[in-house]
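Analysis of the macromolecular model
Chain by chain, the residues run as shown.
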Amino acid sequence: MHVKEINRCGPGLASSKVADFINTTSREWSIPKLKQVLSEEEALSISHIPISKIDTEDCMLWDFTTNELKFSPKLKHFWWKVCRNRLATKENLMRRNCANNPMCPMCGKHSESIEHLLFHCKWAKNVWFKSPISGGIFPNNINSPLSWSIAAKEKMDTGSWSSDFLAKAIFIAWYIWIARKEMVFQDKIGPPHGTMARALGAWGEFKAAKEAVQIHVPPSDRPPPAPKLWAAPPPGTLKINCDASWTEAAQKGWGGIILRNSRGCLLDVSIESDCASLISLSVSELVPPWEVSALITDIRKIGAELELSFCWTPREGNEAAHWIASSRASTLGCNWVSTPPVPLLSILCNDASIYQ
């Protein structure tokens, strides 16, 4: 994730809406309008954000993906609540008329906001000062967990901080929260170094379990994989195989789609791809990365309306679509569908051998 402060001084930008910069006919960004209020670089960056082709409601998105925060869903959910100010602190409970006062139960001197609970409280500070990552965390300077998380992610991306810095910090914050709950509900409070020991112990167990999962059988000891071919769809069904490729230097992408049916009339459509993350996002209710949110939302809505089914297949079962995408079909000429190139024809014949 890359976050940059954009120019906010452009004329008319403060009173503008995103819709003002979208061509209502083509449903594409209006580059000239963007350049009127933003720099060339900013306008170009925004123009690369896909726009939904279907009318959908705006929504809030969490920008850290599961690939970036690699630990248990429980801790991911905890940190999401921290960044969204959803923890049941005394301050938040007071706001909901669920507490008599907002004072911190640990120190009794300040209102218990999330920032105070996890960073500013004297007891919490003592925990952080005993942590092995205290050199990168200055509790008094953290006034927004979300802003701090974004800054931490940027430092991790540049190598200034270790790749597991944020994950380790969230483990420590979780055990500060646990200690606070034990004090409130069990009238039990331990020393700060005890909380740190629990956090580091849990972190060590997590890393050990993660490393154990990554242990794999040497290639020489593995049985040879069974050959996989394209599978024909059920009778009366049309199968769409799809794949895509991307060239960073040219900032262009190519898609490959191939439709093949089984004998009979078209009744349903089955869409197959070897991109597991795309299939998973298409069939689940997971929040997609913001960069592709509009595209995934369109896929889900069209899929529901047309009763499409989505299925993952290994690369061996998706060779035709993969070849088209990798070959940049737009450069193949106009007759490549009616007269397939030899490599593609070979793949199609091999797939068709399942009928024999």
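Conventions adopted
Residues numbered from 1 in each chain as written. Predicted model: local features only at pLDDT ≥ 70, side-chain atom pairs only at ≥ 80, totals over all residues. Heavy atoms only, no water. Core = buried A, V, L, I, M, F, W, Y, C linked by side-chain atoms within 4.5 Å. Buried < 20%, exposed > 50% of the residue type's maximum accessible area, 1.4 Å probe, protein only. Helix = DSSP H or I, 4+ residues; strand = E, 2+ residues; numbered from the N terminus. Contact = heavy atoms within 4.5 Å. Arc of directions from axis to C-beta. Expected span 1.5 Å × (residues − 1). 1 Å grid on protein atoms, 1.4 Å probe; cavity = no way out; pocket = protein on both sides within 12 Å on 5 of 7 lines; lining within 4 Å. Points joined across faces, edges and corners; volume = space filled by probe spheres on them. Nonpolar A, V, L, I, M, F, W, Y, C, P; charged D, E, K, R; others polar. Axes fitted to C-alpha atoms, helices over the stretch in contact; angles between N-to-C directions. Disulfide = S-S within 2.5 Å. Phe/Tyr/Trp six-rings, centres within 6.5 Å; stacked < 30°, edge-to-face > 60°. Salt bridge = Lys/Arg side-chain N within 4 Å of Asp/Glu carboxyl O.

Attention now goes to the nonpolar core. One recurring pattern in soluble globular proteins: nonpolar side chains tend to sit buried together. In terms of nonpolar packing, the biggest core is built from 44 residues, with Phe78, Trp79, Leu118, Trp128, Trp148 and Ile176 touching the most fellow members. Those elements that place two or more of their residues in this core are α3 (73–83), α5 (114–120), α6 (122–129), α7 (145–158), α8 (165–186) and α9 (192–214). It is α8 that provides the largest number of residues to this core, a total of 14 residues.

Checked against the element boundaries, Thr313 lands in the loop between β6 (309–312) and α12 (319–326). Not counting the four nearest positions on each side in its chain, Thr313 is found in contact with Asn241, Glu272, Ser273, Asp274 and Asn318.

Our next topic: helix α10 (residues 276–283). All of the buried residues along α10 are Ile279, Leu281 and Ser282. With its buried residues spanning 165° around the axis, α10 presents them on a single face.

In this section: helix α11 (residues 293–306). Helix length check: α11, at 14 residues, gives a terminal C-alpha distance of 20 Å against a target of 20 Å (1.5 Å per residue), a fit within 8%. Residues Ser293, Ala294, Ile296, Asp298 and Gly303 constitute the buried set of α11. The inward-facing, buried residues of α11 contact α10 and β6. Looking one or two residues beyond α11, the residue adopting positive phi is Glu307, at roughly 55°.

A word on empty space enclosed by the protein. All chains considered together, the criterion is met by 1 cavity of 30 Å³ or more. There is about 40 Å³ of room inside the largest cavity. Looking at the largest cavity, the residues that line it are Cys104, Met106, Leu117, Cys121, Trp123, Ala124, Ile176 and Arg180. Where the lining of the largest cavity is concerned, the elements lending two or more residues are α6 and α8. Along the lines of polarity and charge, the residues of the lining of the largest cavity split into 7 nonpolar, no polar and 1 charged.

Moving on to the packing of α7 against α8. Where α7 contacts α8, the two axes come as close as 9 Å, and the packing angle between them is 145°. Contacts from Trp148, Ser149, Ala152 and Met156 in α7 reach Phe165, Leu166 and Ala169 in α8. Per-class residue counts for the contact of α7 with α8 are 6 nonpolar, 1 polar and no charged.

On inspection of all chains with the given rule, the structure shows 0 disulfides. Between Cys121, a free cysteine, and Cys104, which holds the nearest cysteine sulfur, the sulfur-to-sulfur gap is 3.9 Å.

Time to look at the packing of aromatic side chains. By the definition in use, this model includes 10 aromatic pairs. Residues Phe78 and Trp79 carry aromatic rings whose centres are separated by 6.1 Å and whose planes lie at 55° to one another, so their mutual orientation is tilted. Here Phe78 falls in the buried class, since its relative accessible area comes to 3%. Classification of Trp79 as buried rests on a relative accessible area of 1%. Look at Trp79 and Trp148: their rings are 6.5 Å apart centre to centre, the planes differ by 70°, and that puts the pair in the edge-to-face class.

Now for the pattern of salt bridges. Close approach of charged atoms allows side chains of opposite charge to pair. A full pass over the atoms with the stated rule returns 7 salt bridges. One salt bridge in this structure joins Lys35 and Glu40, with 3.1 Å as the shortest N-O distance. Using a relative accessible area of 41% as the deciding quantity, one classes Lys35 as partly exposed. Arg95 is paired through a salt bridge with Glu91; the nearest N and O atoms lie 3.7 Å apart. Note that Arg95 and Glu91 are positioned in helix α4 (residues 90–95) at a spacing of 4 residues, about one turn of the helix. Accessibility expressed as a relative area gives 24% for Glu91, which makes it partly exposed.

By themselves, these observations are geometric and do not establish any function.
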